[in-house]
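Residue-level structural notes
The primary structure of each chain is shown beneath.
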Amino acid sequence: MAIKIDLEKAYDKIEWSFIREMLIFFNFPATLIDLIMSCVSSVSTSLLFNGGCLDSFCPSRGIRQGDPLSPYLFILCMEFLGHLIEEKCEANLWSPVRASRSGPSFSHLFFADDLVLFANADQVNCNTIKSVLNDFCLRSGQRVSVAKSRVFFSPNVGPDQRILLSDILGFNSTPNLGKYLGYPLKHAGDRKHDFDFVLDRVKKKLAGWKANLLSMAGRVVLIQASSSTIPSYVMQSHIQGPLPQDSDNMQIKNVLSPTGWNWSNIPFEIPPEVKAEIQAVPVPRVSRCSDKLAWKFSSKGDFDMRSAYLLAIDDTGIGSFSGSWIWKLSSLPRIQLFIWKCMQQSIGVKDCLAKRGIPLDTTCPLCHSEAETILHALRDCNLVRPLWQQLGIHCLYSTFFSQDIRDWLITNGGLKTTQNAAGIPWNVLFSFGLWLIWKQRNQGVFNSKSVNVNLAKVIAAQPLSSSFVPLGLVKTREWCSGK
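Each chain has its residues counted from 1, running along the sequence as written. In keeping with the predicted nature of the model, local features appear solely for residues at pLDDT of at least 70, side-chain atom pairs appear and are counted solely at 80 or more, and the whole-chain, interface and lining totals rest on all residues. Heavy atoms from the whole structure form the basis of all side-chain values; hydrogens and water molecules are not counted.

Considerations on the overall build of the protein
Of regular secondary structure, the protein possesses 20 helices and 13 strands. Per-residue burial over the protein gives 33% buried out of 483 residues. Expressed as a percentage of contacts within the protein between residues at least 6 apart in sequence, the contacts between residues at least 24 apart total 56%. As presented, the protein carries roughly 30,400 Å² of accessible surface, and 56% of it is formed by carbon and sulfur atoms. Under the scheme used here, helices are H or I runs from DSSP no shorter than 4 residues and strands are E runs no shorter than 2 residues, and both carry numbers assigned from the N terminus. Relative accessible area decides the class of each residue, using a 1.4 Å probe on protein chains only: under 20% of the type maximum gives buried, over 50% gives exposed, and in between gives partly exposed. Pairs of residues are marked as contacts when any of their non-hydrogen atoms sit within 4.5 Å. Where accessible areas are quoted, they stem from the Shrake-Rupley method and a 1.4 Å probe; at the residue level, only the protein chains shown are allowed to cover.

Here's what the structure looks like:
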């Protein structure tokens, strides 16, 4: 059986006398004990009543949450509970459980005030557990919340036995212990909804009103900063797999000899193609570190969301996206996101809207001569084509106006040549040009504003004002030109 214990206001109820007793029990120096207790017990409290402050009084229990010293003192006090449990285990009054017949035994899991106890389901163990908890609470001032504590029994325990043992412990029986340290305690069966809580937690992070006011680029930054750690923590904690007995502690040295790999020492079958890949890896003659678990889909061996995403994409048969260069482009995040949308054919030009089933006239709202595709809006429109020529595209390559959208974006996104007087790399100038042309198009469509005849100069000046061009390169060119 497994018992999840909930302590009522654990920090507030711990007695100061018990803290001193534990410091003495763990052989802290007397001067250090006095110093610690002076930090804990020098606090005074007063109450506000009808707008006035009453006389102060000194409490005799509780440690302050948020104090850097409090977690260490609390863990030290909880260590005494673990000491009591170990004494009962050595006296054979508490029978720990094993994950497997040859696996290690364990009786408890502690993380601050999150407690989970494990024992065989019989009356002797239940009486011992109740006795240990009562003894600890009596000495420390803690109190177990009977309403929130639960006991989980294995399927081998009958209904009548469960009722009897629950009455001895004073806790209700439950088919599910919930979560421990934010991670669901897994029971028998593997359902596809086991990780729905990860999606729920990410959605809660993004559901606030502040997230609704952010642009898409801002939401990307928000996800990277606050939400990406949620699935990472869960996936790093989720290690499972059917391994035979005694194989979970197997190391490379157990199967690698000076003459090669000894596959007979592995108690399970490895596919031939995996063996071939293992044998192709050079083995260093001098070991630089000890064996450790590694995520094989990452070059560093650590789990990361990018490799997991690529693995999931590969499993679903979706083709890889050839736009990784976009995120390395020296430009603003919103411009990078805009180029990514262009690659995905998902910006709001009329042709894309018509393909989504929206009934509308696809003629360009500016030139009124051709259908408004992404290429037309950003390159081929009669009002846009002269702009690219003013920026000097005729000096770079001749197929600028004949490529399709993907090749056009990839080619220009990789050109780092500088044909302009300011020394701006073309891929930077190109990205800012796309963005400002798109903004001008929206101003003309929605606000009926005329075309800016000086837009080429605005595009050339924008990267300089946004600090996306090395300042030393600009100053050198100005000095060489005599400016």
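So, the side chain of S140
Tracing the backbone shows S140 in helix α5 (residues 123-140). Here a polar contact means two N or O atoms within 3.5 Å. Within protein one must be a hydrogen donor candidate and the other an acceptor candidate, and residues neighboring in sequence count only if both atoms are side-chain atoms. A polar contact of 3.3 Å, which involves the side chain of S140, links it to the backbone nitrogen of Q142. Setting aside residues up to four positions removed in sequence, S140 forms contacts with K13, I14, E15 and F18.

Observations concerning the nonpolar core
Remark: nonpolar core denotes a set of buried residues (Ala, Val, Leu, Ile, Met, Phe, Trp, Tyr, Cys) joined through side-chain atoms within 4.5 Å. M1, I3, I5, I19 and I129 are the most contacted members of the largest nonpolar core, which has 44 residues in total. Counting residues per element, the ones that place at least two in this core are β1 (2-5), α1 (10-13), α2 (16-25), α3 (30-41), α4 (70-90), β7 (114-118), α5 and α6 (159-169). In terms of residue count, α4 provides more of this core than any other element does, 9 residues in total. If we ignore the near neighbours within four places in the chain, the residues touching I129 are M1, I3, W94, L117, A119 and L169. Judged by nonpolar contacts, the second largest core, of 43 residues, contains W325, M343, I393 and W426.

Topic: the pattern of salt bridges
Think of a salt bridge as a Lys or Arg side-chain nitrogen and an Asp or Glu carboxyl oxygen that are within 4 Å of each other. Scanning all chains against the criterion turns up 7 salt bridges. Ionic pairing is found between K355 and D351, a salt bridge with its closest N-O pair at 3.4 Å. Linking K355 with D351, this pair stays in helix α14 (residues 350-355), spanning 4 residues, or about one helical turn. The buried category is assigned to D351, whose relative accessible area is 18%. When the shortest N-O distance is used, the salt bridge between D380 and R385 registers 3.8 Å. Classification of D380 by relative accessible area gives buried; the value is 17%. If you follow the salt bridges from partner to partner, you end up with R379, D380 and R385 in one network.

Some thoughts on unusual backbone geometry
Although it is not a glycine, N27 adopts a positive phi angle of roughly 60°. Looking at the secondary structure, you find N27 in the loop between α2 and α3. Residue N27 is classed as exposed on the basis of its relative accessible area of 68%.

Things to note about the sheet that holds β1
Two strands are counted as paired when DSSP detects at least two bridges linking them. Taken in spatial order, the 5 strands of this open sheet run β6-β7-β1-β8-β9, and their pairing is mixed. A single partner strand is all that each edge strand has here, and the edge strands are β6 (108-111) and β9 (172-173). Relative to β9, strand β8 (residues 150-152) is paired through 2 bridges, and the arrangement is parallel. Bridging from a neighbouring strand, V151 pairs with S173 of β9.

Remarks on a negative patch on the surface
Each patch is built from residues lacking any salt bridge and having more than 30% relative accessible area; the joining distance is 9 Å for like charges and 5 Å for nonpolar side chains (Val, Leu, Ile, Met, Phe, Trp, Tyr). Only four residue types enter the tally: Lys and Arg on the positive side, Asp and Glu on the negative side; His and the chain ends are excluded. A charged residue contributes its charge at one atom only: NZ of Lys, CZ of Arg, CG of Asp or CD of Glu. Taken together, the side chains of E79, E86, E87 and E90 present a region of like negative charge at the surface. With respect to the element layout, E90 can be found in helix α4. Looking at E90, the relative accessible area reads 67%, which means it is exposed.

Comments concerning α2
Along α2, the positions that sit buried rather than exposed are W16, F18, I19, M22 and L23. Taken around the axis of α2, the buried residues stretch over an arc of 160°, which confines them to a single face. Exposed positions of α2 whose direction lies more than 90 degrees from the buried face are S17 and I24. Packed against the buried residues of α2 are α3, α4 and α5. Looking one or two residues beyond α2, the residue adopting positive phi is N27, at roughly 60°. Think of the arc as the fan of directions from the helix axis to the C-beta atoms.

Quick word on the side chain of Q403
Looking at the element boundaries, Q403 is found in the loop between α16 (385-390) and α17 (405-414). Residue Q403 is classed as buried on the basis of its relative accessible area, which comes to 17%. In contact with Q403, other than residues within four places in its own chain, are L375, R379, Y397, W408, T411 and N412.

Quick look at the packing of helix α13 (residues 333-343) against α17
Geometrically, a packed helix pair is captured by the angle between its two axes and the distance between the axes. Only C-alpha atoms enter the line fits that serve as axes; for helices the fit covers just the stretch in contact. Angles between N-to-C directions range over 0 to 180 degrees. It is the contact of α13 with α17, at a shortest axis distance of 9 Å, that shows an interaxial angle of 150°. By the angle class used here, α13 and α17 are roughly antiparallel. Here I339, C342 and M343 of α13 lie close against α17, whose contacting residues are I405, R406, L409 and I410. Amino acids outside the nonpolar list (Ala, Val, Leu, Ile, Met, Phe, Trp, Tyr, Cys, Pro) and the charged list (Asp, Glu, Lys, Arg) are all regarded as polar, and Gly is one of them. Class assignment of the residues belonging to the contact of α13 with α17 gives a composition of 6 nonpolar, no polar and 1 charged. When describing relative orientation, an angle under 35 degrees is termed roughly parallel and one over 145 degrees roughly antiparallel, while 65 to 115 degrees is termed roughly perpendicular and anything else oblique.

Observations regarding the packing of aromatic side chains
Two rings from Phe, Tyr or Trp (for Trp, the six-membered ring) form a pair when their centres sit within 6.5 Å of each other. Planes less than 30 degrees apart are called stacked, planes more than 60 degrees apart edge-to-face, and all others tilted. Scanning the model with the defined rule gives 17 aromatic pairs in all. Arranged with centres 5.6 Å apart and planes meeting at 10°, the rings of W261 and W263 form a pair that is stacked. When the ring of F338 is compared with that of W438, the centres are 5.6 Å apart and the planes differ by 35°; the resulting orientation is tilted. Residue F338 is found in helix α13, and its partner W438 is found in helix α18 (residues 426-447); the two are separated by 100 residues along the sequence.

Quick notes on empty space enclosed by the protein
The rule is simple: put a 1 Å grid over the protein atoms alone, call a set of points where a 1.4 Å probe fits but cannot get out a cavity, call an open set with protein on both sides within 12 Å along at least five of seven lines a pocket, and count a residue as lining if it has an atom within 4 Å of a point. Grid points are joined across faces, edges and corners, and a volume is the space filled by probe spheres set on the points. Within the structure shown, the criterion is met by 1 cavity of 30 Å³ or more. Of the pockets and cavities examined, the largest cavity occupies roughly 30 Å³. Lining the largest cavity we find I5, L7, M78, L81, L115, L133, F136 and V144. Counting residues per element, the ones that place at least two in the lining of the largest cavity are α4 and α5. Taken together, the residues of the lining of the largest cavity sort by class into 8 nonpolar, no polar and no charged.

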